[in-house]
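# Notes for the structure review
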Amino acid sequence: MIRGLSQMKKLTLTRQIMIGLALGVLVGWLAGPSHAAVFRPFSQIFLRLVKMLIAPLIFSTLVAGVAGGGHIKVVGRIAVRAFIYFEIVSTFAIGIGLVLVNLTQPGIGVVLPPEPPKTGLAAPQTWQDFLIHVFPDSVIKAMAEGDVLQIVVFSMIFAFALNLVGEKGAPVVRLCESIAETMFKFTDIIMRYAPIGVGCAIAYTVAHGGLHVLVNLGKLVGTLYLALAALILFVFLPIALAFKIPLKRFIAAIREPAAIAFSTTSSEAALPRAMEAIEKFGVPRRTVALVMPLGYSFNLDGSSLYISLAAIFVAQAAGVHLSAWQQFSMLIMLMLATKGVAAVPRASLVILSGALIHYGLPIEGITLILGVDELMDMGRTCVNVIGNCLATVVIARWEGQLTILEPSPGVEQDDALTGS
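All of the points below concern the structure found in this document. The residue numbers shown here count from 1 along each chain, following its written sequence. Owing to the predicted nature of the model, reporting of local features is limited to residues with pLDDT of at least 70; listing and counting of side-chain atom pairs is limited to 80 or more, with chain, interface and lining totals taken over all residues. Processing note: side-chain calculations cover all non-hydrogen atoms of the structure and skip hydrogens and water entirely.

## Notes on unusual backbone geometry
You will see that Q105, though not glycine, has its phi angle at about 50°, which is positive. Along the chain, Q105 falls in the loop between α4 (72–104) and α5 (127–134). A relative accessible area of 39% means that Q105 is categorised as partly exposed. Positive phi values are uncommon outside glycine, yet K244 reaches one of about 55°. Within the secondary structure, K244 is located in the loop between α10 (219–242) and α11 (247–264). Under the scheme applied here, a residue whose accessible area is under 20% of the maximum for its type counts as buried, over 50% as exposed, and between as partly exposed, the area being computed with a 1.4 Å probe on protein chains only. On the basis of relative accessibility, which here comes to 68%, the residue K244 falls in the exposed class. The helix and strand labels rest on DSSP assignments: H or I over at least four residues marks a helix, E over at least two residues marks a strand, and numbering proceeds from the N terminus.

Listed below in structure tokens is the structure:
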């Protein structure tokens, strides 16, 4: 008995999360739809706890990294390189979605519903709306709403102002460094609840929709996961190899944030752990604090791929043929429109509705997609997190800043990353 308890204590957090996922599927299946609501509060508690970390973590790490580094030109160069990387990889992701949906044609033979969906989706933003939205009118409001991009903009300007203040700003920089260290410890505490939180999240999904939510959901879901796999194998993997990133250690670093993102369908839920894991992987805190939050607004590769695939699916279901030129223009439009998509569940549907309206496609097609969107959201959110972790490591390597940190002797890599 004592030995069994000892073995349980040795389980890494990643393994605990995977056990929570498996138990969640089983319990959700046994509970059925009538008891689905029982699991909802426990998964929501986890999401709330994690989202509570976002604003202070991003603010403190970014200010300490930028102002503490004292090299505004270096920060600007990193940001420019990050945006170049984001645009290239996002374009590949959208292209893969368009190619595969044209090959598999999952929308052929689908009958669209006669009534428009009542989804409560907000109107898609124009580029003018997005540009204005980048700059917060209240930093308190931005932090309260968890608007990552606005928090980044405020933190960057604040850090530049500290640089201009000079030595008088040093106490503020030290304070932010202390807050950042505290927030990482805060993250460790919250992550102890992760196995329960993600287990209840998946239990709710299965109980609400049945096991068919996980299997046999048709061509559209299969096409999306095939496209996401192609993105990882033919884009992410070559990039990692080209920049000589040690794959085994990288996978060990990101598997826990990826599991959290997959089970909660929220990139934000995985952000604190992803930032901590990538820093421990060997990326300087300044680079992590700058690139990763920017990626959450400008580098959602999984969501970009999904939107292109879903738009063509609706066109196929409506019997509308889009020429190669129209699809190319869609690629360009989505490459720009997906920038600034909030990293929260279902936000991609807002951009999708805008794309459908722009190309004269029936918005009723979203009703069909909503039926299986939760499962697709799991995959695309997981890929969003993986893509942002990879982007951060690549930019660090590009800058010559990457130092692969070795775990302590006799301690597994996963233990070193999770603090277990």
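Back to the text.
## Description of the pattern of salt bridges
A pairing counts as a salt bridge when a side-chain nitrogen of Lys or Arg comes within 4 Å of a carboxyl oxygen of Asp or Glu. Enumeration according to the criterion identifies nine salt bridges in this entry. Of the charged contacts, one joins R81 and E399 as a salt bridge, the two residues approaching to 2.7 Å between their closest N and O atoms. Of the two residues, R81 is situated in helix α4 and E399 in the loop between α17 (365–398) and α18 (413–418); the sequence distance between them amounts to 318 residues. By relative accessible area, E399 is classed as buried at 14%. Here E256 ties to R273 by a salt bridge, and the two come within 2.8 Å at their closest N and O atoms. Highlighted residues: E256 in helix α11 and R273 in helix α12 (residues 267–281), separated in sequence by 17 residues. The same class applies to E256 as to R273, namely buried.

## Let's talk about the environment of S308
Tracing the sequence through the fold places S308 in helix α14 (residues 301–318). Residues S308 and I96 lie 212 residues apart in sequence; the distance between their C-alpha atoms is 8.8 Å. Residues contacting S308, with those up to four places away along its chain left out, are I94, G97, L98 and L334. Of the polar contacts made by the side chain of S308, one reaches the backbone oxygen of I94; its length is 3.3 Å. Contacts are assigned to residue pairs that have any heavy atoms within 4.5 Å of one another. Under this definition, polar contacts are N or O atom pairs within 3.5 Å; protein pairs additionally need one hydrogen-donor-capable and one acceptor-capable atom, and for neighbouring residues in sequence, both atoms have to be side-chain atoms.

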